[in-house]
Amino acid sequence: MKRLHLIYLLIFFIGIIPVKSQDPWKLTVSSVVPSNYYGVTVANGIIGIVSSPEPFKVKEVVLAGAYDQYGRGRVSNFLRSFNLLNMQLGIDGRSITASEVSNMKQELDMKKASFTCSFDYGDKATVTYSYYSLRHLPFTVLMDVTIQAKKDILVNAASVMEAPDALKDVQNYYNEIDRPHVTISLLTSSAKSPTGKLLMCASNTFLFSEKHGEEPRVIHEMWDNNMHLMKFNKTLKAGNTYRYSVAGSSITSAHHDDPLNEAERMTIFAKLEGRDRLLSFHGKAWDELWKSDIQIEGDPQAQQDIHSMMYHLYSFVREGTDYSPSPMGLSGLGYNGHVFWDTELWMYPALLVLQPAMAKSMVEYRFNRLAAAKKNAFSHGYKGAMFPWESAATGVEETPVWALSGPFEHHITACVGIAAWNYYCVTQDKEWLKERGWPILKETADFWASRVERNGVGKYDIKNVVAADEWAENVDNNAWTNAAAKAVLNYATEAAALIGAKADADWLHVAQNIPILKMENGVTREHATYQGEGIKQGDVNLLAYPLKEVSDPKQVLKDLEYYETRVPNEGTPAMTQAIFTLLYARLGNADKALKFFKESYEPNLNPPFRVIAETKGGTNPYFATGAGGILQSVLMGFGGIDITAKGITQVKSVLPKHWKKLTLTGIGPDKKTLVVQ
């Protein structure tokens, strides 16, 4: 145990030191080491761009909602999009490569949602480029390039469109649109997804800083069927600075009926808006988001880390859609881009109190897939709606067949119902409850009323499930599953009364007879055959929060002290320690709360941007699920925020001793400010 702990500390200190911890908004890396580099994501809730240690390279571009069945597990997977920002830059006829640059610096500005890289190219030039996934334009990105000439140089710049390996039937297009006030050069590609189900399209264009008529001449070249480019040359005098930009859009037939033309239309729109207007609107959109903020006085590193977690959740979710984030958000192809309970239980509550409009999109995702969930229940012999453990575009079960969680991890259906109820609780929007929330609550309650096995008073058992603790497979009366089912049955009954609908009297009857088991020592038993084994992730302790099924502080503490010793040092995700943090803060134990706060994410950080992996020492960032749990530990734990049927309230809590003050701004629909000192 001690040896593992030392290894984690060593990884942490060696890999993370390059980031300056003082700045609350900027993650700055002054030494880029490709062999120990985990990219950071710039995203706008639809299109995600993951950074690379190589100059002018992007690791990958991911589009929310773009899935096809290929590769892993015979299920739908996220698709990589065309790399819209794939650039080549040459000086005096020689292409710049990583081995030829010096003084490379990379920086993520979380407040502006921008990624910037700068470097020196010998004694000839200093180059800086920044890119943005534009917040106000969901399918559009922008890259700014600035070249400061140290000598007289000839710049050769190219934008390269290359198809990802999985795509097929690539078609390349180049078009120039001439008007008296503008010339638009469009570099465009389309391709079919692996099964041919989707058409994926991308287009980009140069935005020059010169006046019309004085800009460089653009030349198109076709290298092969999967790659083409447009390029220009520019002569610079020593001491001069030159700037140009690339704007591009990517969209698929999952998003639009005519993605090829729409990609070009959106790119033309960006071109004619111009760089300055694009950046202005992008900045204003993020300024609006950051009105909902978490401000920590007394712990600069925690402040920076919490901003990073907020930034990533804000980047992975978009208001006004019916998309919902996967555990890795838009940071890559992790977990195939599927949606799990990670959304409803871990990411959603933090977003619900900070950004209700984003949270609404996540519930809309489930509402629009309610019909598929009803078919799923029918095929398993149940009533109501049974949501899939892994969900993608259509809402059918997408769990690979080798994972038992697909047929048996039924608590997801309770998580969806709880999320719907909590949206009403925070917003108090009865019209939404009637139109969206009630259908979800009714169908999930009907599922649980049919799912229980009625074996006598107090014995309406829920048998043969995979627990929230996924190491417990095919067990009976799992604590979290049973308590969450009870909660949905009660919430559905309460919702019916609020909107004047008729509740099924059987719901309350069933809820009152679902057992929550105890062990001989008085600790809540995780499941019927649980005997003290190690646990993968939070289960029993979730009955205290968010369910309030266990409310007596003595029982909350008894369960905490027992299960905190059942979490091994490796192989477990970040969320469990976050729940321990939250509960200890509410119980008034600042030392224990701080201990678990640090343990919840510090051993999971990867260099150079402190991105969170799923497990200690893991290498699969960015783990948005963990970020959501940790944000809850701050908001609902240290901050004392409580979601009730009457709205948001505050309960008693404590701060870590060195935190002087915690200020929560823009909380809930009324954008309240809450302070804990």
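Our subject is the structure listed above.
Just so we're clear, the structure is a prediction, and the values are computed from it rather than from any experiment.

Our next topic: the environment of Asp120. Along the chain, the position of Asp120 falls in strand S9 (residues 114-121). Spatially, the C-alpha atoms of Asp120 and Gly588 are 52 Å apart, while their sequence positions differ by 468 residues. The residues contacting Asp120, other than those within four sequence positions of it, are Glu100, Val101, Ser102, Asn103, Ala125, Thr126 and Lys150. For Asp120, the side chain forms a polar contact with the side chain of Thr126, separated by 2.6 Å.

Counting residues in each nonpolar core, the largest one holds 213 residues, and the members touching the most others are Tyr244, Trp341 and Trp480. Ranked by residues supplied to this core, first place goes to helix H11 (residues 479-499) with 13 residues. Setting aside residues no more than four positions away along its own chain, Trp480 makes contact with Trp341, Leu345, His411, Cys415, Ile418, Ala468, Asp539, Leu542, Leu543, Pro546 and Leu547.

Moving on, we come to the packing of aromatic side chains. For the structure on display, the rule yields 37 aromatic pairs. Geometrically, the ring pair formed by Phe316 and Tyr622 is edge-to-face, given 6.2 Å between the ring centres and 65 degrees between the ring planes. With Phe316 in helix H4 (residues 300-316) and Tyr622 in the loop between strand S23 (611-612) and helix H16 (624-638), the pair connects residues that are 306 residues apart, well separated along the chain. With 5.7 Å between their ring centres and 85 degrees between their planes, Trp341 and Trp346 make a pair best called edge-to-face. For the pair Trp341 and Trp346, a shared accessibility class is recorded, and that class is buried. A network of ring pairs unites the aromatic residues Tyr335, Phe340, Trp341, Trp346, Trp389 and Trp480 as a single cluster. Directly above the ring of Trp25 sits Lys111, whose terminal nitrogen or CZ lies 4.4 Å from the centroid. Above the plane of the ring of Phe596 lies Lys595, whose end atom (NZ or CZ) is 4.1 Å from the centre.

A separate point is the pattern of salt bridges. Tallied over the full model, the rule gives 30 salt bridges. Of the charged contacts in the structure, one is a salt bridge between Asp506 and Arg454, with a shortest N-O distance of 2.7 Å. With Asp506 in helix H12 (residues 505-511) and Arg454 in strand S20 (residues 453-454), this pair connects stretches of sequence that are 52 residues apart. Judged by relative accessible area, which is 21%, Asp506 ranks as partly exposed. Overall, the relative accessible area of 41% leaves Arg454 in the partly exposed class. For the salt bridge of Lys592 with Glu564, the shortest nitrogen-to-oxygen distance reads 3.1 Å. Of this pair, Lys592 sits in helix H15 (residues 590-601) while Glu564 sits in the loop between helix H13 (553-563) and helix H14 (575-587), and the two are 28 residues apart along the sequence. Judged by relative accessible area, Lys592 falls into the partly exposed class, the value being 23%. The exposure class assigned to Glu564 is buried, which follows from its relative accessible area of 17%. Look at the salt bridges and you will find they share partners, linking Lys374, Lys442, Glu443 and Asp446 into a network.

Okay, the sheet that holds strand S1 (residues 26-29) next. Across a sheet, paired strands are connected by hydrogen bonds in the backbone, their directions being either parallel or antiparallel. Spatial ordering of the open sheet is given by S1-S8-S9-S10-S11-S18-S15-S14-S13, a layout of nine strands whose pairing is antiparallel. Across the chains shown, the open sheet's two edge strands, defined by having one partner strand only, are S1 and strand S13 (168-179). Neighbouring strand axes in the sheet, compared pairwise and without regard to direction, differ in orientation by 15 degrees on average. Sheet topology note: the strand S10 (residues 125-133)/strand S11 (residues 140-149) ladder contains nine bridges and is antiparallel. Among the inter-strand pairings, Thr126 is bridged to a residue of S11, identified as Gln148. Its contacts with the sheet place helix H2 (residues 259-273) against S11, S13, strand S14 (182-192), strand S15 (199-208) and strand S18 (241-252), and it is angled at close to 20 degrees to S15.

What follows concerns the packing of helix H5 (residues 341-354) against H16. One can describe the packing of H5 onto H16 by two numbers: an axis separation of 8 Å at closest approach and a directional angle of 45 degrees. By the angle between their axes, H5 is oblique relative to H16. Crossing of H5 against H16: the hand is left-handed. Side by side, H5 and H16 meet where Asp342, Leu345, Trp346, Met347, Pro349, Ala350, Val353 and Leu354 of the first sit next to Ala624, Thr625, Gly628, Gly629, Leu631, Gln632, Leu635 and Met636 of the second. Taken together, the residues that form the contact of H5 with H16 break down as eleven nonpolar, four polar and one charged.

Below, the discussion takes up the pairing of strand S24 (residues 641-644). Residue alternation in S24 divides its side chains into two sets, Ile641 and Ile643 and Asp642 and Thr644, and both sets are buried. Sheet topology places S24 next to strand S25 (residues 647-650); four bridges connect them, and they run antiparallel. Bridged to Asp642 within S25 is Thr649. A loop of two residues connects S24 with S25, the two strands running antiparallel in sequence.

Turning to unusual backbone geometry, a few remarks are in order. Along the chain, Tyr545 connects to Pro546 via a cis peptide bond; the corresponding omega equals 10 degrees. Tracing the chain through its elements places Pro546 in the loop between H12 and H13. Going from Pro621 to Tyr622, the amide bond is cis rather than trans, its omega being 10 degrees. We note that Asn103 has phi near 55 degrees; this positive angle belongs to a residue other than glycine. As for its placement among the helices and strands, Asn103 is situated in strand S8 (residues 101-109). Look at Asn103 and you get exposed, because its relative accessible area is 59%. Positive phi, normally seen in glycine, also occurs at Lys548, with a value near 65 degrees. Relative to the elements of secondary structure, Lys548 occurs in the loop between H12 and H13.

The rules behind these values
Residues numbered from 1 in each chain as written. Predicted model: local features only at pLDDT ≥ 70, side-chain atom pairs only at ≥ 80, totals over all residues. Heavy atoms only, no water. Helix = DSSP H or I, 4+ residues; strand = E, 2+ residues; numbered from the N terminus. Contact = heavy atoms within 4.5 Å. Polar contact = N/O pair within 3.5 Å; in protein donor to acceptor, adjacent residues only side chain to side chain. Core = buried A, V, L, I, M, F, W, Y, C linked by side-chain atoms within 4.5 Å. Buried < 20%, exposed > 50% of the residue type's maximum accessible area, 1.4 Å probe, protein only. Phe/Tyr/Trp six-rings, centres within 6.5 Å; stacked < 30°, edge-to-face > 60°. Lys NZ or Arg CZ within 6 Å of the ring centre and 35° of its normal. Salt bridge = Lys/Arg side-chain N within 4 Å of Asp/Glu carboxyl O. Pairing = 2+ DSSP bridges. Axes fitted to C-alpha atoms, helices over the stretch in contact; angles between N-to-C directions. Parallel < 35°, antiparallel > 145°, perpendicular 65-115°, else oblique. Left-handed = near helix turned anticlockwise from the far one by under 90°. Nonpolar A, V, L, I, M, F, W, Y, C, P; charged D, E, K, R; others polar.

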